[in-house]
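Fold and contact review
Listed here are the chains, written in short residue letters.
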Amino acid sequence: MSIFKVIEVIATSEDSWEEATRNAVKSASKTIKNIKSVYVKEQKAMVTGENITEFRVILKITFELT
């Protein structure tokens, strides 16, 4: 029987939501092993003037406990 845990994280990127998602997984994997999936719960963009300055994602990361 496998047991999984889900945590929620926020990550950012100056370029895209996809890169923000990759940044979250890369950062989380430094301390969390056996990451199995991510679920993008929410996407946001910060705007200054007419330009998007930051992409943000709120993710649920699922990993297997050993």
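Residues numbered from 1 in each chain as written. Predicted model: local features only at pLDDT ≥ 70, side-chain atom pairs only at ≥ 80, totals over all residues. Heavy atoms only, no water.

This paragraph deals with the sheet that holds strand S2 (residues 35–48). Read across the sheet, three strands follow the order S1-S3-S2 without closing on themselves; strand pairing throughout is antiparallel. The two strands at the open ends of the sheet, each matched to only one other strand, are strand S1 (3–13) and S2. Each neighbouring strand pair of the sheet contributes to a mean axis angle of 15 degrees, computed without reference to strand direction. Here S2 runs beside strand S3 (residues 51–65); their pairing, made up of twelve bridges, is antiparallel. Counterpart to Glu 42 in the pairing with S3 is Ile 58. Where helix H1 (residues 17–28) meets the sheet, it contacts S1, S2 and S3, and its direction lies at approximately 40 degrees from that of S3. (Pairing = 2+ DSSP bridges. Helix = DSSP H or I, 4+ residues; strand = E, 2+ residues; numbered from the N terminus. Axes fitted to C-alpha atoms, helices over the stretch in contact; angles between N-to-C directions. Contact = heavy atoms within 4.5 Å.)

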